[in-house]
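# Structural overview
Here are the chains, one letter per residue:
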Amino acid sequence: MSRQSNRATDSKKMNSELFTLTYGALVTQLCKDYENDEEVNKQLDKMGYNIGVRLIEDFLARSSVGRCHDFRETADVIAKVAFKMYLGITPSVTNWSPAGDEFSLILESNPLVDFVELPDNHSNLVYSSLLCGVLRGALEMVQMAVDVRFAQDTLRGDNVTEIRMKFIKRIEENLPVGDE
Amino acid sequence: MAIFSVYVVNKAGGLIYQYDNYVPRAEVEKTFSFPLDLVLKIYDEKLVVSFGQRDGIRVGHAVLSINGVDVNGKYTAEGKDILEYLKDPANYPVSIKFGRPRLSSNEKLMLASMFHSLFAIGSQLSPEVGSSGIEMLETDVFKLHCFQTLTGIKFIVLADPRQSGIDALLRKIYEIYSDFALKNPFYSLEMPIRCELFDQNLKSALEIAEKAGTFGPGS
């Protein structure tokens, strides 16, 4: 993995199977440790949050997106730039609420759940909770409080994976200067 | 050395990283015999020359070391008061090094948080709404460039006024920060950066910037 590669194309290649296995090992270990699906979901969300607050700087450093001025712009940037950059997929943005503060990301495929099947005793487990935490943490660092949850999950029998994102409020404390 | 220093300031205005890339040029070491013909006074916890400029020792220069041993403010390394030491003829001849006083880390912390506040003033003074904060501060000896990320971290570079390509360098430092500081799981956000890889990569980025004169993408 050469670090001298051209940053614009980000051509570091890693075997995605290793990624799937790593994430799977993580979730199964958490299940063993906590034995309670809700608790595992919470822990995954927390871990995702810690990833998100760091990932946002990497994202901003590598892409040259400026500040988004409304939630629609944010949705577009998340779907078209961020997901593409980190997971190699481009979800579609749909189901806008009338107030324009809630939307859905429809993922045709989810790289985290390649080869995964949920057994019956883990029916409440939201396997990809990490993604919710990542989105929440990343947006909090750019002064947006959002609520992220899975509305549909292919692992639990739905046709597509749907992530529902709701804008709660702008975080006014610690606002970087010049953004009023 | 065309790039003098790099400062990184967190969201709250605290200095989390500082690197100096310059060698103070004005340092003079001389041997003196009794009585000392320079007038020294205590200023800001340091011993500085107040009168008696000669041979490269200027007014305002501080006592940096005595007989080769670095001093500790107005005391020698052993804890003796320097002024008392220099009044005693038995201690002569003595070799004293004078130079421009270097900033202590506390002073740098204070200056960084002061800059953080000034940065905000820059935006508030603006006649137009939505102005950024201070992006550049220019003096006759250096230019200070500041880049604030969307998350509130400020990267500040002090460079020679003729040095170009600092904008690209600031972006490069942002990338190095997002790589070697943030991807290190043992580094906590907003805390002082003590990552060796970050230091190393920052130094090589500064070298490249200085050599190239400008800093191109993809370097």
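Basis of the calculations
- Residues numbered from 1 in each chain as written.
- Chains lettered and ligands numbered in written order.
- Predicted model: local features only at pLDDT ≥ 70, side-chain atom pairs only at ≥ 80, totals over all residues.
- Heavy atoms only, no water.
- Helix = DSSP H or I, 4+ residues; strand = E, 2+ residues; numbered from the N terminus.
- Rg over C-alpha atoms; globule rule 2.2 N^0.38 Å.
- Contact = heavy atoms within 4.5 Å.
- Areas by Shrake-Rupley, 256 points an atom, 1.4 Å probe, with all protein chains shown as cover.
- Phe/Tyr/Trp six-rings, centres within 6.5 Å; stacked < 30°, edge-to-face > 60°.
- Buried < 20%, exposed > 50% of the residue type's maximum accessible area, 1.4 Å probe, protein only.
- Lys NZ or Arg CZ within 6 Å of the ring centre and 35° of its normal.
- Buried area = accessible area lost by both parts, 1.4 Å probe.
- Salt bridge = Lys/Arg side-chain N within 4 Å of Asp/Glu carboxyl O.
- Polar contact = N/O pair within 3.5 Å; in protein donor to acceptor, adjacent residues only side chain to side chain.
- Nonpolar A, V, L, I, M, F, W, Y, C, P; charged D, E, K, R; others polar.
- Pairing = 2+ DSSP bridges.
- Axes fitted to C-alpha atoms, helices over the stretch in contact; angles between N-to-C directions.

## Considering the overall build of chain A
The number of helices and strands found in chain A is four helices and four strands. Reading the secondary structure of chain A in the N-to-C direction produces α-α-α-β-β-α-β-β. Here chain A has a C-alpha radius of gyration of 17 Å; the compact-globule value for 180 residues is 16 Å, and the two agree. Projected onto its principal axes, the C-alpha coordinates of chain A cover approximately 50 × 45 × 30 Å. Restricting to contacts in chain A with at least 6 residues of sequence separation, those with at least 24 account for 57%. Split by element, the accessible area of chain A, about 9700 Å² in all, is 52% carbon and sulfur.

## Some remarks on the packing of aromatic side chains
Inspection of the entire model under this criterion finds twelve aromatic pairs over all chains. Between Phe71 of chain A and Trp96 of chain A the ring centres are 6.2 Å apart and the planes differ by 85°, which places this aromatic pair in the edge-to-face class. On the criterion of sequence distance, the pair formed by Phe71 of chain A in helix α3 (residues 71–87) and Trp96 of chain A in the loop between β1 (92–94) and β2 (102–107) is long-range, its members being 25 residues apart. Taking the relative accessible area as the measure of exposure, Phe71 of chain A reaches 8% and is therefore buried. Trp96 of chain A gets classed as partly exposed once you look at its relative accessible area, which sits at 23%. Taking 6.4 Å as the distance between ring centres and 55° as the angle between the ring planes, the aromatic pair formed by Phe115 of chain B and Phe119 of chain B counts as tilted. Of this pair, Phe115 of chain B and Phe119 of chain B both sit in helix α2 (residues 105–124), separated by four residues, roughly a single helical turn. Across the pair, exposure class does not vary: Phe115 of chain B and Phe119 of chain B are buried alike. Grouped by ring-pair contacts, the aromatic residues Phe71, Trp96, Phe103 and Phe167 of chain A constitute a single cluster. Taking NZ or CZ as reference, Lys154 of chain B lies 4.6 Å from the ring centre of Phe119 of chain B, over its face.

## Topic: the interface of chain A and chain B
The interface of chain A with chain B comprises 21 residues on the first partner and 27 residues on the second. Roughly 2000 Å² is buried in total at the junction of chain A and chain B, and carbon and sulfur atoms are behind 56% of that figure. The largest contributions to the chain A side of the interface with chain B come from Arg54, Glu57 and Val177 of chain A, which together make up 35% of the buried area. For Asp58 of chain A, the salt bridge goes to Lys183 of chain B, with nearest N and O atoms at 2.6 Å. In this structure, the connection of chain A to chain B is made through nine residue pairs in polar contact (both at pLDDT 80 or more). Among the elements that make up the side of chain A that touches chain B, the one with the highest residue count is helix α2 (residues 37–62) of chain A (eight residues). Tallied by class, the residues present in the side of chain A that touches chain B amount to nine nonpolar, four polar and eight charged.

## What to know about the environment of Pro91 of chain A
Residues and elements named next belong to chain A. For Pro91, the location among the structural elements is in the loop between α3 and β1. On the basis of relative accessibility, which here comes to 7%, the residue Pro91 falls in the buried class. Residues Pro91 and Leu107 lie 16 residues apart in sequence; the distance between their C-alpha atoms is 4.7 Å. Setting aside residues up to four positions removed in sequence, Pro91 forms contacts with Ala79, Phe83, Leu105, Ile106 and Leu107.

## So, the sheet that holds strand β2 (residues 15–20) of chain B
Residue and element names in this part refer to chain B. Sheet architecture is open: five strands sit in the order β2-β1-β11-β10-β9, paired in antiparallel fashion. Either end of the sheet is taken by a strand with one partner, and the two such strands are β2 and β9 (136–138). Adjacent strand axes in the sheet meet at a mean angle of 10°, parallel and antiparallel pairs treated alike. Relative to strand β11 (residues 154–159), strand β10 (residues 143–148) is paired through six bridges, and the arrangement is antiparallel. Within β11, the position partnered with Gln148 by the bridge is Lys154. Sitting on the sheet, helix α3 (residues 166–181) touches β1 (3–9), β10 and β11, and the angle it makes with β11 is about 135°. In the packing of helix α4 (residues 196–212) onto the sheet, the strands contacted are β1 and β2, and the crossing angle to β2 comes to about 50°.

## Brief notes about the side chain of Ser104 of chain A
Residue and element names in this part refer to chain A. Structurally, Ser104 is set in strand β2. Side-chain polar atoms of Ser104 contact the side chain of Arg164, separated by 2.6 Å. Look past the residues within four positions of Ser104 in its chain and what remains in contact with it is Ser92, Val93, Thr94, Asn95, Glu162, Ile163 and Arg164.

## So, the sheet that holds strand β4 (residues 161–170) of chain A
All names here are of chain A. Here we have four strands laid out as an open sheet, ordered β1-β2-β4-β3, and antiparallel in their pairing. Of all the strands in the sheet, just β1 and β3 (144–152) have a single pairing partner and so form its edges. In this sheet, adjacent strand axes meet at a mean angle of 30° when their direction is disregarded. Inspection of the sheet shows β3 paired to β4 by eight bridges, in the antiparallel sense. Along β4, the bridge assignment pairs Val148 with Met165. Sheet strands in contact with α3 are β1, β2, β3 and β4, and its direction is about 15° off that of β2. The strands that helix α4 (residues 129–141) touches are β3 and β4; relative to β3, the one it contacts most, it runs at about 165°.

## Describing the pattern of salt bridges
When their charged atoms lie close together, side chains carrying opposite charge are able to pair. Applying the stated criterion across every chain, the model contains 15 salt bridges over all chains. Measuring nitrogen to oxygen at the nearest pair gives 3.3 Å for the salt bridge that ties Asp76 of chain A to Lys80 of chain A. Pair noted here: Asp76 of chain A and Lys80 of chain A are both in helix α3, with a separation of four residues, about one helical turn. Through salt bridges with shared partners, a single network forms among Asp58 and Arg62 of chain A together with Glu175, Asp179 and Lys183 of chain B.

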